[in-house]
Amino acid sequence: MTPSQSTSLNMGKKPLMMVTRYINRVIKVRLKNDLVYEGVMVDCDGYMNLVIEKAVEYEGEGRKATYPRILIRGNNIMYIQLLPMLGE
Amino acid sequence: MTPSQSTSLNMGKKPLMMVTRYINRVIKVRLKNDLVYEGVMVDCDGYMNLVIEKAVEYEGEGRKATYPRILIRGNNIMYIQLLPMLGE
Amino acid sequence: MTPSQSTSLNMGKKPLMMVTRYINRVIKVRLKNDLVYEGVMVDCDGYMNLVIEKAVEYEGEGRKATYPRILIRGNNIMYIQLLPMLGE
Amino acid sequence: MTPSQSTSLNMGKKPLMMVTRYINRVIKVRLKNDLVYEGVMVDCDGYMNLVIEKAVEYEGEGRKATYPRILIRGNNIMYIQLLPMLGE
Amino acid sequence: MTPSQSTSLNMGKKPLMMVTRYINRVIKVRLKNDLVYEGVMVDCDGYMNLVIEKAVEYEGEGRKATYPRILIRGNNIMYIQLLPMLGE
Amino acid sequence: MTPSQSTSLNMGKKPLMMVTRYINRVIKVRLKNDLVYEGVMVDCDGYMNLVIEKAVEYEGEGRKATYPRILIRGNNIMYIQLLPMLGE
Amino acid sequence: MTPSQSTSLNMGKKPLMMVTRYINRVIKVRLKNDLVYEGVMVDCDGYMNLVIEKAVEYEGEGRKATYPRILIRGNNIMYIQLLPMLGE
């Protein structure tokens, strides 16, 4: 294999660090039980615990509920949708 | 990507620290098995173990039971609903 | 957010420490499989392993069995019902 | 809350240490899959791994099999029935 | 057994290090729940958390959705398809 | 409680150490999914990972397959049947 | 019990070290969900993460797919079939 330049550039960068860059922006989180939460992420930690404000809960196609602020326990998460920022 | 100001402001803040700020206030906890507990959180720790007083247990739409004080084991938790405080 | 006085008073207190205060008193433990055990807790540790004496086992509404002494493995626990003490 | 005397007496005692006191005596172990094993516990460790001799396996009301010696992996255990000793 | 030369050559190399070599290339990830995500991996960490851009989601034979950027939590992953590079 | 002599004799002995004494002898391993493997254990480690040679696979009453050598991942194990040695 | 010679010879040998000896040889991996992957193992690490090349995927009796290179996450593994080498 030929080492690629991108590897040396990216090694050491941590996805969780990338998450902290989305603080105060809208994210969408899908849990292992297929519930989805969309809202403004106002906090996160190294366990992927997330605090989301103005969270809308979806199940399948439908909107189920809204919450002013929820703390999602990281180990329930399947993936987080991040929206690329302008200029990226 | 352009680093955002919010990142530097928020990095290091921990959701679990935010939870301790809700001590002695009403929270609502949803477990992975969809049971919900609402009451006054009087204690918590780094495993997200929570002690709730005057806890009301809900399943779906219905109220099932009340408990003077329960300790919920953190690893059962899906999310915690936190109510923003006045002035926040 | 405005830091609340209660936070500074309670930070550092651990639910598991609170459990040790219930040693030699009656507790009720609900497991993830919905079995419930009620009896005198005579010992506990940092994994939430509990030793209960004169334990009564319930499933749904019915009483199923009694045990002179059982050690419940902590990671099966959903929550522990603690009864506030007189004077609390 | 009023600290109880029993707390100070019992803090630090570990259930797993209590288990070691049952070495060479009969215990009954119920696993998460509801299989039950009864026999003489001849060894144990800090993961709650147990070695049981002359083990009888039960499923529901029925006896299924016997084993001269089995090592049960601790993380399968729901609870261990301990029989109080004479004089306790 | 006869130690093979390849062992001494490969010991110490870590699959997760191999993953970092695929940064900025297309990978396909299959999760434990059989959902599949294909796209450009732009970041990864030691928990196998992966950030994928232009991610296409598949379920069975069908394409379900696309996402500009998602962070997949490592513990959901069954396997990652890596495409050998030219010259390997 | 009265401390028993056997406790002091046995404390500190580890089941996993006992397993190493069965190296090169026949064991029978039952997994959480009820598959059973019987053969000569030629290696083991502290995670209860086991290497078994001439392994016969059973499901329920029937023999399903044989393998010259398999490495069973420890966290799948429910219990290991150990056969007491002559003279024990 | 009588300590056996084999114990002293084998203690300390680690199955995962044994796995590294199979690098560049054909192995067959069965996952907890009963999918099977067969191919040349080109890398592995201490979490039992494996990189397999020319991997053939089987489900039950049937061949489902082939992959030039996949990284299987270790915690999905039930067992690895290792083929004894000539001369062993």
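Residues numbered from 1 in each chain as written. Chains lettered and ligands numbered in written order. Predicted model: local features only at pLDDT ≥ 70, side-chain atom pairs only at ≥ 80, totals over all residues. Heavy atoms only, no water.

A. Spatial organisation of the overall build of chain A. Looking only at helices and strands, chain A has two helices and five strands in total. Here chain A, with 88 residues, has 55% of them falling under the buried criterion. In chain A, 39% of the contacts between residues at least 6 apart in sequence involve partners at least 24 apart. Working note: accessible area of chain A is about 4000 Å², and carbon and sulfur atoms make up 56% of it. (Helix = DSSP H or I, 4+ residues; strand = E, 2+ residues; numbered from the N terminus. Buried < 20%, exposed > 50% of the residue type's maximum accessible area, 1.4 Å probe, protein only. Contact = heavy atoms within 4.5 Å. Areas by Shrake-Rupley, 256 points an atom, 1.4 Å probe, with all protein chains shown as cover.)

B. Quick peek at unusual backbone geometry. Even without being glycine, Asn-24 of chain G reaches a positive phi, approximately 75 degrees. Here Asn-24 of chain G shows up in the loop between helix H2 (15–20) and strand E1 (25–31).

C. Molecular detail of the pairing of strand E5 (residues 77–82) of chain A. Counting buried positions along E5 of chain A yields six of six residues, so the element is predominantly enclosed. Pairing of strand E1 (residues 25–31) of chain A with E5 of chain A, which is carried by five bridges, proceeds in the antiparallel orientation. Following the sheet pairing, Ile-27 of chain A is matched in E5 of chain A by Leu-82 of chain A. Pairing of E5 of chain A with strand E4 (residues 62–72) of chain E involves three bridges; the strand directions are antiparallel. Residue Ile-80 of chain A lies in a different strand from E4 of chain E, and its bridge partner there is Leu-71 of chain E. (Pairing = 2+ DSSP bridges.)

D. Region of the structure containing a positive patch on the surface. A contiguous patch of positive charge on the surface is contributed by Lys-32 of chain A, Lys-32 of chain B, Lys-32 of chain C, Lys-32 of chain D, Lys-32 of chain E, Lys-32 of chain F together with Lys-32 of chain G. Along the chain, Lys-32 of chain B falls in the loop between strand E1 (25–31) and strand E2 (35–44). (Patch = residues over 30% accessible without salt bridge, like charges linked within 9 Å, V, L, I, M, F, W, Y side chains within 5 Å. Salt bridge = Lys/Arg side-chain N within 4 Å of Asp/Glu carboxyl O. Lys, Arg positive; Asp, Glu negative; His and termini not counted. Charge placed at Lys NZ, Arg CZ, Asp CG, Glu CD.)

E. Region of interest: the packing of aromatic side chains. All told, the structure shown has 14 aromatic pairs over all chains when counted by the stated rule. Ring geometry for Tyr-37 of chain C against Tyr-79 of chain D: centres 5.4 Å apart, planes inclined by 70 degrees, an arrangement best described as edge-to-face. Residue Tyr-37 of chain C is found in strand E2 (residues 35–44), and its partner Tyr-79 of chain D is found in strand E5 (residues 77–81); the two belong to separate chains. On the accessibility criterion, Tyr-37 of chain C (0% relative accessible area) is buried. Here Tyr-79 of chain D falls in the buried class, since its relative accessible area comes to 2%. For the ring pair Tyr-67 of chain D and Tyr-79 of chain F, a centre distance of 5.5 Å and an interplane angle of 50 degrees mean the geometry is tilted. Of this pair, Tyr-67 of chain D sits in strand E4 (residues 62–72) while Tyr-79 of chain F sits in strand E5 (residues 77–81), each in a different chain. Given a relative accessible area of 9%, Tyr-67 of chain D falls into the buried group. Over the face of the ring belonging to Tyr-58 of chain E we find Lys-28 of chain E, whose NZ or CZ atom lies 5.4 Å from the ring centre. (Phe/Tyr/Trp six-rings, centres within 6.5 Å; stacked < 30°, edge-to-face > 60°. Lys NZ or Arg CZ within 6 Å of the ring centre and 35° of its normal.)

F. Seen up close, the side chain of Glu-57 of chain B. The residue Glu-57 of chain B is located in strand E3 (residues 50–59) in this model. Note on Glu-57 of chain B: relative accessible area 2%, which makes it buried. Here Tyr-37 of chain B takes part through its side chain, which lies 2.4 Å from a polar atom of the side chain of Glu-57 of chain B. Dropping the residues within four chain positions of it, Glu-57 of chain B is found in contact with Leu-35, Val-36, Tyr-37, Gly-62, Arg-63, Lys-64, Ala-65 and Tyr-67 of chain B together with Arg-30 and Tyr-79 of chain C. (Polar contact = N/O pair within 3.5 Å; in protein donor to acceptor, adjacent residues only side chain to side chain.)

G. Layout of the pairing of E4 of chain D. All names here are of chain D. Bridge analysis of strand E3 (residues 50–59) against E4 gives nine bridges, and the strand direction is antiparallel. Bridging from a neighbouring strand, Tyr-58 pairs with Arg-63 of E4. What sits between E3 and E4 in their antiparallel hairpin is a turn of two residues, with Gly-60 showing a positive phi close to 60 degrees.

H. Region of interest: the pattern of salt bridges. By the definition in use, this model includes 28 salt bridges over all chains. For Asp-34 of chain B, the salt bridge identified is with Arg-30 of chain B, shortest N-O distance 2.9 Å. The exposure class assigned to Asp-34 of chain B is partly exposed, which follows from its relative accessible area of 39%. Among the residues examined, Arg-30 of chain B registers a relative accessible area of 11% and is labelled buried. Salt bridges linked by common partners bring Arg-30 and Asp-34 of chain A together with Glu-57 of chain E together as one network.

I. Structural view of the confidence of the model for chain A. All names here are of chain A. When pLDDT is averaged along chain A, the result is 82; 78% of the residues meet or exceed 70. The low-confidence segment residues 1–13 (pLDDT under 50) makes 20 contacts with residues lying over four places distant or belonging to another chain. For this predicted complex, the interface score ipTM comes out at 0.83, while the overall pTM is 0.83. (pLDDT = per-residue confidence, 0-100.)

J. Geometry of the environment of Pro-68 of chain C. Along the chain, the position of Pro-68 of chain C falls in strand E4 (residues 62–72). In this structure the C-alpha to C-alpha distance between Pro-68 of chain C and Arg-21 of chain C, which are 47 residues apart in sequence, comes to 22 Å. Aside from chain neighbours lying at most four places away, what touches Pro-68 of chain C is Ile-52, Glu-53 and Lys-54 of chain C together with Pro-84 of chain D.

K. Seen up close, the environment of Asn-33 of chain E. All names here are of chain E. Inspection of the secondary structure assignment puts Asn-33 in the loop between strand E1 (25–31) and strand E2 (35–44). Considered as a pair, Asn-33 and Glu-59 are 26 residues apart in the sequence and their alpha carbons are 9.5 Å apart. A polar side-chain atom of Asn-33 sits 3.1 Å from the main-chain amide nitrogen of Leu-35.

L. Geometry of the environment of Ile-70 of chain D. Following the sequence through the fold, Ile-70 of chain D ends up in strand E4. Along the sequence, Ile-70 of chain D and Arg-30 of chain D sit 40 residues apart, while their C-alpha atoms lie 14 Å from each other. In this view, Ile-70 of chain D contacts Tyr-37, Leu-50, Val-51, Ile-52 and Ala-55 of chain D together with Tyr-79, Ile-80 and Gln-81 of chain F; residues no more than four positions away in its chain are not counted.

M. Representation of the side chain of Asn-76 of chain A. Its location among the elements puts Asn-76 of chain A in the loop between strand E4 (62–72) and E5. Within the structure, the side chain of Asn-76 of chain A is placed 3.0 Å from the backbone oxygen of Arg-73 of chain A, a separation counted as a polar contact.

N. The state of the cysteines, seen in detail. Evaluated as defined, the whole model comprises zero disulfides over all chains. With no disulfide of its own, Cys-44 of chain B has Cys-44 of chain A as its nearest cysteine by sulfur position, at a separation of 18 Å. (Disulfide = S-S within 2.5 Å.)

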